[in-house]
Amino acid sequence: MALLWLAVLVMSVCLLCSEKDPDSPIKNLRMEPGSRRLTWDLSGNVSEIKCFINSKYITKAIDSRYCQFYVLPLCEVKNFTISVKQDPPFSTGLQYVPRGAEGKPAAAARGLDCWVHDVDFLTCSWEVGRAAPGDVQYRLYWRDLKAYREQECPRYEANNRGVHVRCRFDDVSRLQRHIQFWVNGTSRRSGIPCSDLCVELPEIERLSPPHITATCNKSYSMMEWKVLSHFNHRFLYELQIQKGTDPASTEKLYENHFVIYNPGNYVAKLKVQGFFRKDWSEWSAPQLFVCDPKDEHRRDWLVSVLVLLGTLLVLGLVALLCRRYSVLQKLFPPIPHMKDPITDNLQSPKLEPWDTSRASQEDCPVAEVHILGET
């Protein structure tokens, strides 16, 4: 790391040459990466000195001798400028070129983003650079900006090519509030610049919607909830309440409780916003609170009546279909089955066998027929 800061120091380039003027109040402008200070030699008395990064005001000079920065860029070239309040005004600056900016910019990891979620977890993700070589591999590092301790990602997730594109931390409670992340790229074919991101963990936390609990009766309902967070302790809530078919009402609250008088039975849901973040969480799942059992009994009775009516309707439809089927049978009776003169049994229960040996009082005359021949 010392070699890195030395390389950065060597690559700091003067932008403006006004400090070469022998009457210039600022001489020998330089960056001290180890202490994160932009310092200079002062000549004469000045009333105020301000420091800028890429023309954006950052801080005032301390004792008119140096500007203290909380963090220095690791992966991008930045222009540091100081402005002296005097007559006439004076300014000078230098270009700060960190070693991490070396290489093909389009090969660097793109879209580095980090967020805290589900109370205890932190995830960072990025995309492979558009011009990254085929053998590229990325690694994420982080350090807290208080102790400047550096660590590598404990658990990576890779894409289908095996390139790291995501990192997950399982316990954010051990992290400081101010963190600097950067992703280094390596390849045997070319140099790859890094990508960095400085965050404050309270500002990147995506809060989970809380669960509502309630104590209620016919007179009032007391709702309470609790949001869990390691970094945010002040919240804004939006509570939505709906009674029956009435339009839903919405309340914005800073307290984690709310009272409804004469509540009846109602449905409530909630979302939350952290004090340091302007994005709302998702809505919690709608929850039904029954504070008037009579209303619930009436609702159960109505449901029972509707079920009974539905059952009767189904039975009526079944009866109607059966009746319709019977009428169809009468209109279109089935075709009788034709008898087979050979195989069908021609005996009838009304016929009796003729017994020639038994005399009968009602003998029928029998005529003898002779066949004379075929025609």
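Residues numbered from 1 in each chain as written. Predicted model: local features only at pLDDT ≥ 70, side-chain atom pairs only at ≥ 80, totals over all residues. Heavy atoms only, no water.

On to the sheet that holds strand S18 (residues 213-216). With antiparallel pairing, three strands are arranged side by side in an open sheet as S18-S19-S22. Both edges of this open sheet fall to S18 and strand S22 (257-261), since each of them pairs with a single strand only. Recorded for the sheet is a direction-independent mean angle of 15 degrees between the axes of neighbouring strands. Judged from the five bridges that link them, strand S19 (residues 220-224) and S22 form a sheet pairing that is antiparallel. Its bridge partner being in S22, Glu224 is matched across the sheet by His257. (Pairing = 2+ DSSP bridges. Helix = DSSP H or I, 4+ residues; strand = E, 2+ residues; numbered from the N terminus. Axes fitted to C-alpha atoms, helices over the stretch in contact; angles between N-to-C directions.)

This paragraph deals with the pattern of salt bridges. In total, this model carries twelve salt bridges according to the counting rule given. Arg166 serves as the salt-bridge partner of Glu157, at 3.8 Å between the closest nitrogen and oxygen. Accessibility expressed as a relative area gives 40% for Glu157, which makes it partly exposed. On the basis of relative accessible area, Arg166 is assigned to the partly exposed category, the value being 31%. The partner of Asp170 in a salt bridge is Arg168, with the nearest N and O atoms 3.3 Å apart. (Salt bridge = Lys/Arg side-chain N within 4 Å of Asp/Glu carboxyl O. Buried < 20%, exposed > 50% of the residue type's maximum accessible area, 1.4 Å probe, protein only.)

Examined against the element boundaries, Glu150 turns out to sit in strand S12 (residues 150-152). Taking relative accessible area as the criterion, Glu150 reaches 37% and is therefore assigned partly exposed. Considering only alpha carbons, one finds Glu150 and Gln180, 30 residues apart in sequence, at a separation of 9.4 Å.

Here strand S2 (residues 26-32) pairs with strand S3 (residues 37-42) via five bridges, running antiparallel. Bridge assignment links Arg30 to a residue of S3, and that residue is Thr39. What sits between the antiparallel neighbours S2 and S3 is a turn of four residues, in which Arg36 has the positive phi angle 55 degrees.

What follows covers the pairing of strand S24 (residues 287-290). Residues Gln287 and Phe289 point to one face of S24 and are all buried, whereas Leu288 and Val290, pointing to the other face, are not buried. Of the strand pairs in this sheet, strand S23 (residues 265-274) and S24 are connected by four bridges, and their pairing is antiparallel. The partner of Val267 across the bridge, within S24, is Leu288.

Quick look at the state of the cysteines now. Evaluated as defined, the whole model comprises five disulfides. A sulfur-sulfur separation of 2.0 Å characterises the disulfide bridge that pairs Cys114 with Cys124. Of note, the bridge from Cys114 to Cys124 carries an S-S torsion of about 110 degrees and is right-handed in sense. One end of the pair, Cys114, is in strand S9 (residues 110-117); the other, Cys124, is in strand S10 (residues 121-127), and ten residues separate them in sequence. Exposure class is identical for Cys114 and Cys124. Each is buried. Each bonded cysteine in the protein chain gets a number by its place in the sequence, and the pairs come out as 1-2, 3-8, 4-5, 6-7, 9-10. (Disulfide = S-S within 2.5 Å.)

For the rest of this paragraph, the subject is the sheet that holds strand S6 (residues 66-68). Pairing is antiparallel in the open sheet, where three strands are placed in the order S2-S3-S6. Strand pairing shows two members of the sheet lacking a second neighbour, S2 and S6, which therefore form its edges. Within this sheet the neighbouring strands show an average axis-to-axis angle of 15 degrees, counted without direction.

Further remarks concern the environment of Asn232. By the secondary structure assignment, Asn232 is in the loop between S19 and strand S20 (235-243). Along the chain, Asn232 and Phe276 lie 44 residues apart, while their C-alpha atoms are 7.5 Å from each other. A polar contact is formed between the side chain of Asn232 and the backbone oxygen of Pro202, at a distance of 3.3 Å. Among the polar contacts listed, one links the side chain of Asn232 to the side chain of Glu205, at a separation of 2.7 Å. (Polar contact = N/O pair within 3.5 Å; in protein donor to acceptor, adjacent residues only side chain to side chain.)

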